[in-house]
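# Summary of structural features
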Amino acid sequence: MNRRDFLLTTASASVTWATGISGRAEGPSSGAPRNKYFDCHVHLTQPWYGDERSIVTVDHLLRWMDAHEIAQAAVLPLVSPEAFWYPVTTEFVLRETHPHRDRLVPFCAIDPRTIVTHLPTKQDVVGILNRYRDAGARGFGEHKPMLPINDPLCMRLYEACSEVRLPLLFHLDNFANMDAPGLPGLDKVLTAFPELVFIGHGKGWWASIAGGITQADLQVGYPRGPVAPGGAIDRLMDAHPNLYGDLSSSGAHAMLRDPKFGREFLLRRSDQLLFGTDYYDPATQKEFAQFDLFRQFELPADAVQAIGQKNAQRLFNLA
Ligand SMILES: [Zn+2]
């Protein structure tokens, strides 16, 4: 398929889906019919740090989504003290997204250390997650505490997420959800909770697309060069169908660093990957390599639709 046919195919396939939500769109979202992506990873922010050009308000986010053909986006809180410059609470995300739920899909988050002092039983954790879910949350995350990924407190959190059936998006590097090269801790987590959908994100997760890496490599944002065989991601995705990848942030670079590997990975994992950007700062984030994945690799339309929107719709019960 040449580039023009590819673009036409993906555009016409997406219009049918996007039109379904456009009837409820308001204000900045009036251009929704041309939009085709589900972005699984964005943040709303507040003026507690940096300058005002960095703030992502709801109005800004909807206009930015329209400019980038993004029909719907998952809006992720950040509640762990190591996760962001200040907490972005679940309550803030639920409130801000409330008038725009046709386009903004809220997630919820709990720092697992809360379990020590305030949520001592499984039913306590399940109870709060149920309330978040009833208020509109469709997933859990961004899970980003400075704890081992299989820390006992995290395991108790995963147990509750599994019971409430909230897919969990985690950030993995040497400062959050820490693990060893080859991700043996994540393997234990996935084995313990086969019913819970886990969505991998972050430097350490995407560095693990390659084999032969060191602990220090789990903290490198954009590793370059060919992907060495034996990576943990393919191995874990083969063993655990509940494992998915979030292509935001370092995800696109993990595909583009070795284009041959990247294209084949996108094709063979097209049912386990989600398009995303990790947009949180208009002042510094101008270009997104994520859009290049579809343009450069000329993927078949069904793979573009799966990665670009359908996998997310299925996981978050939006179809
Ligand atoms: Zn993020």
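Conventions and cut-offs
- Residues numbered from 1 in each chain as written.
- Predicted model: local features only at pLDDT ≥ 70, side-chain atom pairs only at ≥ 80, totals over all residues.
- Heavy atoms only, no water.
- Donors = N, O, S within 2.8 Å, 3.2 Å for Na, K, Ca; no water.
- Tetrahedral: all angles 85-135°; square planar, octahedral: opposite > 155°, others 65-115°.
- Helix = DSSP H or I, 4+ residues; strand = E, 2+ residues; numbered from the N terminus.
- Buried < 20%, exposed > 50% of the residue type's maximum accessible area, 1.4 Å probe, protein only.
- Phe/Tyr/Trp six-rings, centres within 6.5 Å; stacked < 30°, edge-to-face > 60°.
- Lys NZ or Arg CZ within 6 Å of the ring centre and 35° of its normal.
- Contact = heavy atoms within 4.5 Å.
- Pairing = 2+ DSSP bridges.
- Axes fitted to C-alpha atoms, helices over the stretch in contact; angles between N-to-C directions.
- Salt bridge = Lys/Arg side-chain N within 4 Å of Asp/Glu carboxyl O.
- pLDDT = per-residue confidence, 0-100.
- Parallel < 35°, antiparallel > 145°, perpendicular 65-115°, else oblique.
- Left-handed = near helix turned anticlockwise from the far one by under 90°.
- Nonpolar A, V, L, I, M, F, W, Y, C, P; charged D, E, K, R; others polar.

### What about the coordination of the zinc ion?
The coordination sphere of the zinc ion, as far as protein atoms go, consists of H41 (NE2), H43 (NE2), E142 (OE) and D278 (OD), spread over 2.1 to 2.4 Å. Classification of the site at the zinc ion rests on its four donor atoms, whose angles at the metal span 85 to 168°, yielding the label irregular. When the donor residues of the zinc ion are listed from N- to C-terminus, their spacing reads H-x1-H-x98-E-x135-D. Separated by 237 residues along the polypeptide, H41 in strand β1 (residues 37-42) and D278 in the loop between β8 (273-274) and α12 (290-297) bring together distant segments of the chain. Looking at H41, the relative accessible area reads 0%, which means it is buried.

### Focus on the packing of aromatic side chains
According to the stated counting rule, one finds 21 aromatic pairs in the structure shown. Taken together, a centroid distance of 5.9 Å and an interplanar angle of 85° make the contact between F170 and W205 edge-to-face. Note that F170 is positioned in strand β5 (residues 168-171) and W205 in helix α8 (residues 203-207), a separation of 35 residues in sequence. Each member of the pair, F170 as well as W205, is classed as buried. When the centroid spacing of 5.5 Å and the interplanar angle of 55° are considered together, the rings of F275 and F291 count as tilted. On the criterion of sequence distance, the pair formed by F275 in the loop between β8 and α12 and F291 in helix α12 is long-range, its members being 16 residues apart. With respect to class, F275 is no different from F291; both count as buried. Feature note: the residues Y49, F84, W85, Y86 and Y280 constitute an aromatic cluster, connected by ring pairs. Above the face of the F261 ring, R268 is positioned so that its terminal group lies 5.2 Å from the ring centre.

### Side note on the side chain of Q46
Counting through the fold element by element, Q46 comes out in the loop between β1 and α2 (58-67). A relative accessible area of 17% means that Q46 is categorised as buried. Beyond its immediate sequence surroundings of up to four residues, Q46 is in contact with I55, Y86, P87 and F92.

### What to know about the sheet that holds strand β2 (residues 70-75)
Read from one edge of the open sheet, three strands run β1-β2-β3, paired in parallel fashion. Here the strands that pair on one side only, and so sit at the sheet edges, are β1 and β3 (104-106). Direction aside, the axes of adjacent strands within the sheet are offset by 20° on average. As defined by bridge partners, β2 adjoins β3 across three bridges and the pair is classed as parallel. Bridging from a neighbouring strand, A74 pairs with V105 of β3.

### Some remarks on the pattern of salt bridges
Summed over all chains, the structure comprises 16 salt bridges. A salt bridge links K36 to E69; the shortest N-O distance between them is 4.0 Å. With a gap of 33 residues between them, K36 in the loop between α1 (3-22) and β1 and E69 in the loop between α2 and β2 connect regions that are remote in the sequence. By relative accessible area, E69 is classed as partly exposed at 27%. Note that R95 is salt-bridged to E96, the shortest N-O span being 3.7 Å. Owing to a relative accessible area of 53%, R95 belongs among the exposed residues under this scheme. Three or more residues are tied together by salt bridges with common partners; here these are D234, D238, R268 and R269.

### Observations concerning the confidence of the model for the protein chain
This prediction gives the protein chain a mean pLDDT of 90; 89% of its residues lie at or above 70. A low-confidence stretch, residues 1-27 stays under pLDDT 50, and its non-local contacts, those more than four residues away or across chains, total 35 contacts. Predicted confidence is poor over residues 29-33, with pLDDT under 50, and the contacts of this stretch with residues over four places away or in other chains come to 11 contacts.

### Comments concerning the packing of helix α9 (residues 232-239) against helix α11 (residues 259-268)
Where α9 meets α11, the axes come as close as 12 Å, and the angle between the chain directions of the two elements is 15°. Here α11 runs roughly parallel to α9, going by the angle between their axes. Relative to α11, the crossing made by α9 is left-handed. Residues I233, D234 and M237 of α9 lie in contact with α11, whose contacting residues are F261, F265 and R268. Among the residues forming the contact of α9 with α11, the class breakdown is four nonpolar, no polar and two charged.

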